[in-house]
Amino acid sequence: MIVWLNGTFGAGKTTTAHELLDLLPGSTLYDPELLGSGLRLMLPAKRFEEIDDYQDLPAWRRMVVDTAAALLTEVPGPLVTPMTLLRQEYRDEIFGALAARRIPVRHVLLHAEETILRARIAEREDVSGDAEATASTRRWSLEHLGPYADALPWLQGDAHVVDTTRLTPRQTAERVAEAVRTGAGACDIVQTPEPTAETLASGVLLFDDQDRVLLVDPTYKAGWEFPGGIVEPGEAPAHAGVREVAEELGIELPRAPRLLVLDWEAPKPPGFGGLRLLYDGGTLTDDRISKLLLPGAELRGWRFATEAEAETMLPPVRWNRLRWALRARERGCPLHLEAGVPVG
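Being a predicted model, the structure only gives us computed values, none of them experimental. (Residues numbered from 1 in each chain as written. Predicted model: local features only at pLDDT ≥ 70, side-chain atom pairs only at ≥ 80, totals over all residues. Heavy atoms only, no water.)

Asks: An account of the overall build of the protein chain is needed here, citing residue identities and associated values.
Replies: Counting its regular elements, the protein chain contains 13 helices and 13 strands. Referenced to the eigenvectors of the C-alpha coordinate spread, the extents of the protein chain come out at roughly 70 × 45 × 40 Å. Every one of the 344 residues in the protein chain was classed for burial, and the buried ones make up 46%. When contacts within the protein chain are restricted to residue pairs at least 6 apart in sequence, long-range pairs at least 24 apart make up 74% of them. (Helix = DSSP H or I, 4+ residues; strand = E, 2+ residues; numbered from the N terminus. Buried < 20%, exposed > 50% of the residue type's maximum accessible area, 1.4 Å probe, protein only. Contact = heavy atoms within 4.5 Å.)

Here it is, written out as C-alpha cells:
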C-alpha cells in the first residue's frame, strides 16, 4: 500500500510523513522527489529546459510506479509518500499504473487556508548560509499556491481531506493513521494489468444529433478516450466493443457496429502497440443519453465534443485515429491505417 500525502508547500507533508512512520507498523518513507533529482543528473540539461517541472517527464512518472513496486519487494509497507501532485492527468497516470500493479493507494490531502500556508512558507528554515537559495525556495513555494487553489476542487473530490490549520504534525499524523485504518482515501480505480505483448483493442464512436462524438474520461490513465477496451482472448472484436459500451455506459447496442478504422499502432517502449479498431455505434437519442451511466472505478465523466474540441482533448495518436474515423464515416468506407497513416 501507498499512503500518498498530497498538498501544497506549507501543508506539512514532510513533517507529517516522519511522524506517521511511528504510527504505521512496517512503514517506509518513499520520496519521489529523489527520483527527480536523479533524473537531473542523468538526463541532458537541454531536456529540463523544455519542461517546467520534473513531474512533466514521462520517465519520472513511470519511475515513481516502478520504484514503489520495487521497494515493496524489500519492505512490508506501507510506503509513506509526501508528494505534491496537482495535475489530475498525472494522478490518473500514476495511480492507475499502481492499481495495475495491484498496489492500493490511500490518497490524503493535507489542507490549510492560504493565509496559513503563506505564514508557514515565510517561516521555512533557511538554507544554511545561502540567503539567495532561501529566497528562491520561498518564491517557488509561493508560486504554487495559485495552481493549488485551481486543483483544489478535484483534490477534495478525490482524496480524504485533513485540515492541518490547527494541528501539530503529530496530531495530523494521528488523523491520517486513523483514516488509513478505516479505509478512508482509498482510490477505487479499475485494475487494468499492463500489457506484456501486442494487444487488440476495440473502440466505439457514439454520436449525438449534432454529430458530436462521445468521449469519456478514464480514472486510470491520462487523457480522454473513446468508449471501448482490450479484446479478451477468443472474443470477436466487434462484440468486445459492444460489451465495453454496455459495461462502461450502460448502453446496449442493438447490433454489431460498423468498422470505421483499423489502425496498427507501432510499439513504443514501454508500450507494445498492436491493432486498434474503431467502430461506428450510431447516433444516440436524447432519451438514451439521459440514461448514460458511469462506473466510478473506471470513468470520471463523459461529454460530446466537436471534431475541433476533440483535438484539444485527445492525445495526438487517438486524435489522429478519430480524424480518419470521421472521414471514413463520411465516405461510408472503412480505412486501413498503419501507425496512423492510410495504406492501400
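Asks: Tell me about helix α10 (residues 237-249), and please be specific about residues and values.
Replies: Between its terminal C-alpha atoms α10 stretches 18 Å, which fits the 18 Å expected from 13 residues at 1.5 Å a residue. Buried residues along α10 sit in contact with β6 (199-207), β7 (213-218), β8 (228-230), β10 (274-283) and β11 (299-305). One or two residues past the end of α10 sits G250, with phi positive at roughly 75°. (Expected span 1.5 Å × (residues − 1).)

Asks: I'd like a description of the pattern of salt bridges, backed by residues and values.
Replies: Summed over the entire model, instances satisfying the criterion amount to 32 salt bridges. R62 is the partner of D66 in a salt bridge, and the nearest nitrogen-oxygen pair spans 3.7 Å. Remark: R62 and D66 occur in helix α4 (residues 58-71); sequence separation between them is 4 residues, near one turn of the helix. With relative accessibility at 28%, the residue D66 sits in the partly exposed group. (Salt bridge = Lys/Arg side-chain N within 4 Å of Asp/Glu carboxyl O.)

Asks: Could you give an account of the domain arrangement of the protein chain, with specific residues and numbers?
Replies: Domain boundaries assigned for the protein chain yield domain 1 (2-187) and domain 2 (199-342). Using C-alpha coordinates to define each centre, domain 1 is positioned 34 Å away from domain 2. The interface is formed by 8 residues belonging to domain 1 together with 8 residues belonging to domain 2. Buried area between domain 1 and domain 2, both sides added, is near 520 Å², and the carbon and sulfur share of it is 46%. Interface area lost by domain 1 to domain 2 is led by R62, Q88 and D92, which between them contribute 59%. Linking D92 and R300 is a salt bridge whose minimum nitrogen-to-oxygen distance equals 2.7 Å. (Domains from an automatic or database assignment. Buried area = accessible area lost by both parts, 1.4 Å probe.)

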